[in-house]
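What follows is each chain in one-letter form.
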Amino acid sequence: MVRRWNGLEEVPADWGRSVVTIGVFDGVHRGHQRIVGAAADLARERGLKSVVITFDPHPDEVVRPGTHPPLLATTRRRIELLEGLGTDAVVVVPFTHRLSQMPPDEFVQSVLVDRLHAAHVIVGEDFRFGHKAKGDVPLLKELGEKYDFTAEGVPLVANGDTISSTFIRARLDAGDVAGAAGALGRPHRVEGVVVRGHRRGRALGFPTANLETTPHAAIPADGVYAGWLVCDSARYPACRWPAAISIGTNPTFEGPAERTVEAYALDRDDLDLYGEHMAVDFLARIRDTLKFDSVDALVEEMHRDVAQARDLTAGNGS
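Keep in mind that what you see is a predicted model, and the values were worked out from it rather than measured.

(A) Seen up close, the pattern of salt bridges. The tally for this structure, following the rule as stated, stands at 21 salt bridges. For Glu-191, the salt bridge identified is with Arg-76, shortest N-O distance 3.5 Å. Taken as a pair, Glu-191 in strand E9 (residues 188-195) and Arg-76 in helix H3 (residues 75-83) lie far apart in primary sequence, 115 residues in all. On the basis of relative accessibility, which here comes to 7%, the residue Glu-191 falls in the buried class. In this structure, the salt-bridge partner of Glu-301 is Arg-287, at a minimum N-O distance of 3.4 Å. On the criterion of sequence distance, the pair formed by Glu-301 in helix H10 (residues 295-313) and Arg-287 in strand E14 (residues 277-287) is long-range, its members being 14 residues apart. In terms of burial, Glu-301 and Arg-287 fall into one category: buried. Residues joined in a network through salt bridges with shared partners are Arg-287, Glu-301, Arg-304 and Asp-305.

(B) Focus on the nonpolar core. Counting 34 residues, the largest nonpolar core has Leu-229, Trp-241, Leu-273 and Met-278 as the members making the most contacts within it. At the level of elements, helix H7 (165-173), helix H8 (177-184), E9, strand E10 (209-213), strand E11 (223-231), strand E12 (239-248), strand E13 (260-265) and E14 are the ones that each hand at least two residues to this core. Per element, the largest residue contribution to this core is five residues, and it comes from E12.

(C) Structural detail: the side chain of Arg-186. Note that Arg-186 resides in the loop between H8 and E9. There is no salt bridge for the buried Arg-186, and the closest opposite charge comes from Asp-281, which lies 7.4 Å off by N-O distance.

(D) Quick look at the domain arrangement of the protein chain. For the protein chain, the assigned domains read domain 1 (3-161) and domain 2 (188-315). Put simply, the middle of domain 1 and the middle of domain 2, counted by C-alpha atoms, are 36 Å apart. Contact residues are listed per partner, giving eight residues for domain 1 and nine residues for domain 2. Of the roughly 710 Å² buried between domain 1 and domain 2 on both sides combined, carbon and sulfur atoms contribute 50%. Area buried by domain 1 at its contact with domain 2 is led by Leu-71, Thr-74 and Arg-77, which between them contribute 49% of it. The interface formed by domain 1 and domain 2 includes one salt bridge. Where domain 1 touches domain 2, the interface holds six residue pairs in polar contact (both at pLDDT 80 or more).

Calculation criteria
Residues numbered from 1 in each chain as written. Predicted model: local features only at pLDDT ≥ 70, side-chain atom pairs only at ≥ 80, totals over all residues. Heavy atoms only, no water. Salt bridge = Lys/Arg side-chain N within 4 Å of Asp/Glu carboxyl O. Helix = DSSP H or I, 4+ residues; strand = E, 2+ residues; numbered from the N terminus. Buried < 20%, exposed > 50% of the residue type's maximum accessible area, 1.4 Å probe, protein only. Core = buried A, V, L, I, M, F, W, Y, C linked by side-chain atoms within 4.5 Å. Lys, Arg positive; Asp, Glu negative; His and termini not counted. Domains from an automatic or database assignment. Contact = heavy atoms within 4.5 Å. Buried area = accessible area lost by both parts, 1.4 Å probe. Polar contact = N/O pair within 3.5 Å; in protein donor to acceptor, adjacent residues only side chain to side chain.

In structure tokens, the structure reads:
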């Protein structure tokens, strides 16, 4: 069972020496998976425990408020993904102004040494730490000699491809959810609570779940997509329904141009999802958002969209 600690103060006092990997790990993409997997493998080889350190909120939100990038995963989802990579423990360190001001030496001693008793540290080769990001991998190795641990920087590479969260965000901005999924190693997910919208979809025969998405979520470009509507609640445990997903402002209808994320679970008109925490997983882009001359023309296109979403999701993990 993976241990989960909210803050370094929850690490048991008798925690032994460990192999540690540290980073924001936004998206837990294939490059991140390689690093965390390497740490877990090394820990098993040496008879040690492996620990992943991540941060909440995103450091940019504290260091440069308002400039942080769109987030590829919620903190809860990020922890779930990290826990599924063979590590023994995940510790979520609150990223505070005080932490951002720590000199590199103090950061290493207080975070890696005093609590986690690091024997070996594996990070991405571009890892930075300490006040004004003055620490890098060479300094980490130097501090390792001082504090009795070894360190290495690993390229964020998977199958010969360099993977980055920046690249994935660019793919999503372009509506290329398939390209984003290739770098993530799974479909990109957007989460939120289902809220009441204009209920136009139900009137047209396609009742949709209108998601109030989590703050700063990386939402793909406007358009219509094939994917899945996902939930895990008492009312709908472990559901994953093939879906047609619409992102945009519904330009065919008059009114405020409010951008929404809506998902229609294919062939389901019996669902009561209001107030449920849901997610949409994106498989493929079907088309751009269009303005239609009439509601009838829109409905005809929606039938085509649903047919394409059905074909695309069939046999693809539904």
